[in-house]
Amino acid sequence: MIHPIARCLFLAAALATPVSLTAQDIARLRTDLQSQLTDILAATQVPGATFGVALPDGSSFAVAAGRADTAAGQAMPADGRMLTGSTGKTFFAALAMQLVGEGRLELDAPIARYLGDEPWYDSLPNAPDVTVRMLMNHTSGIVRYELNPAFLEDITADPYREWTIRDRVRYVFPLEPPFAAGQGWTYSDTNYIILAAIMQGVVGDDIYGAIRRRVLEPLELQNTVPSDRPEVPGLVQGYAGVENPFGGFDATIEDGRLGLNPQFEFAGGGYASTAEDLARWVKFIHEGEAFDPGLLDEARDGVPARLGPGARYGLGVIMLELPAGTAWGHSGFMPGYRTEMYYFPEHRFAVALEINSTARGSLTRSLGGILNELAETVVAALD
């Protein structure tokens, strides 16, 4: 839901920060970014890329370069939809923050309050001491299930399996936690799987439906859909490389069907989207339109995270200092697809970059570095 207070704050900020870009300025920026993305992509082995921009005045657009499908020779469309990997955590985090704002979820409550009756709860490492906040900022000490060798072996053997909450979390049951709850940091999709289990108990079983009603529809994110089945509508071809540990396939789609069921990812990501929708979404988050804006400082109260120099992780948000400026957002990976999306509060714009390859050696520089270079072009246009 969009809070009236958030809209007022957004309008006040817009009045306090006049935007000087004319239609001609925006057209020139679009042309410059198109040329820049094409040149950057040509220096890599990545087939295709899309780059979305959401400007301070709320307008948005996307550019694309390269191929959506190399075998078919299909050009990458600017509205090409890709699996977004862990950037999808931000949708589940937004739902959690809405429930916090409504008094239905408590960040510092032990997860036993919500999950103590689950038959698998007692098997979770650190279970008695983990809070909702620790799940959201990855300080629970509960490690990743999706990179566990046993999980990779099982998903390779049965790629179209339907996964339950317990199916996923059981891979971490026998593992010794790397630290006591709240005493360290390690990135883990398992945290968000458990968070989703909690929220299902609060809002009912249809958590994707709750996000659609509360977030996607009110904010008109029409090109963002759940990746909860092998047939994801409108998905462009991805290339995972033959060393892909999730099954050894390169091209991710054959006859309209992914080479595995992305439903395994669930709240660890769980969405497919376009670069333009993602740029709009991360701007909505940090301008107070995704949940009660009074909770934004709480969401951005981060802990040190091993995600780059000076990086911090809040409640579903990565916070970085890039050459283009302070950046708040998230990154994501799924076999065949990589994503970066960030909001730049000093300039009140957001960008998102998607590529359709995770093949080893295809990207000759960091995706974050490419996003920063493109973001600097946007900054120059706004200055």
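Residues numbered from 1 in each chain as written. Predicted model: local features only at pLDDT ≥ 70, side-chain atom pairs only at ≥ 80, totals over all residues. Heavy atoms only, no water.

**Side note on the sheet that holds strand S9 (residues 303–304)**
Across the sheet, nine strands lie side by side as S3-S2-S1-S14-S13-S12-S11-S10-S9; this open sheet has antiparallel pairing. Whereas interior strands pair on both sides, the edge strands pair on one side only; in this sheet they are strand S3 (74–75) and S9. Alignment of strand S13 (residues 337–344) against strand S14 (residues 349–355), held across seven bridges, turns out to be antiparallel. Bridged to Arg338 within S14 is Ile355. Its contacts with the sheet place helix H2 (residues 23–42) against strand S1 (48–54), strand S2 (60–69) and S14, and it is angled at close to 25° to S2. (Pairing = 2+ DSSP bridges. Helix = DSSP H or I, 4+ residues; strand = E, 2+ residues; numbered from the N terminus. Contact = heavy atoms within 4.5 Å. Axes fitted to C-alpha atoms, helices over the stretch in contact; angles between N-to-C directions.)

**A closer look at the packing of helix H3 (residues 89–101) against helix H8 (residues 189–203)**
It is at 11 Å that the axes of H3 and H8 come closest, and there the two elements cross at 40°. By the angle between their directions, the pair H3 and H8 is classed as oblique. Judged by the sense of rotation from one axis to the other, the crossing of H3 with H8 is left-handed. Listed contacts from H8 to Lys89, Phe92, Ala93, Leu95, Ala96 and Leu99 of H3 are Asp189, Tyr192, Leu195, Met199, Val202 and Val203. Considered class by class, the residues forming the contact of H3 with H8 number ten nonpolar, no polar and two charged. (Parallel < 35°, antiparallel > 145°, perpendicular 65-115°, else oblique. Left-handed = near helix turned anticlockwise from the far one by under 90°. Nonpolar A, V, L, I, M, F, W, Y, C, P; charged D, E, K, R; others polar.)

**A few points about the pairing of S1**
Most of S1 is tucked away: seven of the seven residues are buried. Summarising the sheet, S1 and S2 pair through seven bridges and their orientation is antiparallel. Residue pairing across strands places Thr50 opposite Ala64, the latter belonging to S2. Pairing of S1 with S14, which is carried by six bridges, proceeds in the antiparallel orientation. Each residue of the ladder has a partner; that of Gly52, found in S14, is Ala352. (Buried < 20%, exposed > 50% of the residue type's maximum accessible area, 1.4 Å probe, protein only.)

**Side note on the packing of H3 against helix H9 (residues 207–216)**
One way to put it is that H3 packs onto H9 with a least axis distance of 10 Å and a crossing angle of 80°. As judged from the angle between their axes, H3 and H9 are roughly perpendicular. Taken together, the residues of H9 that come into contact with H3 (itself represented by Phe91, Phe92, Leu95, Gln98 and Leu99) are Ile207, Tyr208, Ala210, Ile211, Arg214, Val215 and Leu216. Grouping the amino acids of the contact of H3 with H9 by side-chain chemistry returns ten nonpolar, one polar and one charged.

**Quick look at the environment of Tyr160**
Position of Tyr160 relative to the elements: it lies in the loop between helix H6 (149–157) and helix H7 (165–169). Tyr160 gets classed as partly exposed once you look at its relative accessible area, which sits at 31%. Taking the C-alpha atoms as reference points, Tyr160 and Asn261, separated by 101 residues in sequence, lie 4.8 Å from one another. Here Tyr160 is in contact with Pro230, Arg257, Leu258, Gly259, Leu260 and Asn261, once residues within four sequence places are set aside. Engagement of the side chain of Tyr160 in a polar contact is seen with the backbone oxygen of Leu258, the distance being 2.7 Å. (Polar contact = N/O pair within 3.5 Å; in protein donor to acceptor, adjacent residues only side chain to side chain.)

**Observations concerning the environment of Pro47**
Following the sequence through the fold, Pro47 ends up in the loop between H2 and S1. Assessed through its relative accessible area of 15%, Pro47 is described here as buried. Expressed as a C-alpha distance, the spacing of Pro47 and Ala64, which sit 17 residues apart in the sequence, is 11 Å.

**Some words on the nonpolar core**
Residues Leu124, Met136 and Trp281 are the most contacted members of the largest nonpolar core, which totals 133 residues. Every residue in contact with Trp281, bar those within four places of it in the chain, is listed here: Thr90, Phe91, Ala94, Val215, Leu219, Leu221, Ala290 and Met341. (Core = buried A, V, L, I, M, F, W, Y, C linked by side-chain atoms within 4.5 Å.)

**A look at the sheet that holds strand S5 (residues 225–226)**
Across the sheet, three strands lie side by side as S4-S8-S5; this open sheet has antiparallel pairing. The open sheet has two edge strands, strand S4 (82–83) and S5, and neither has a second partner.

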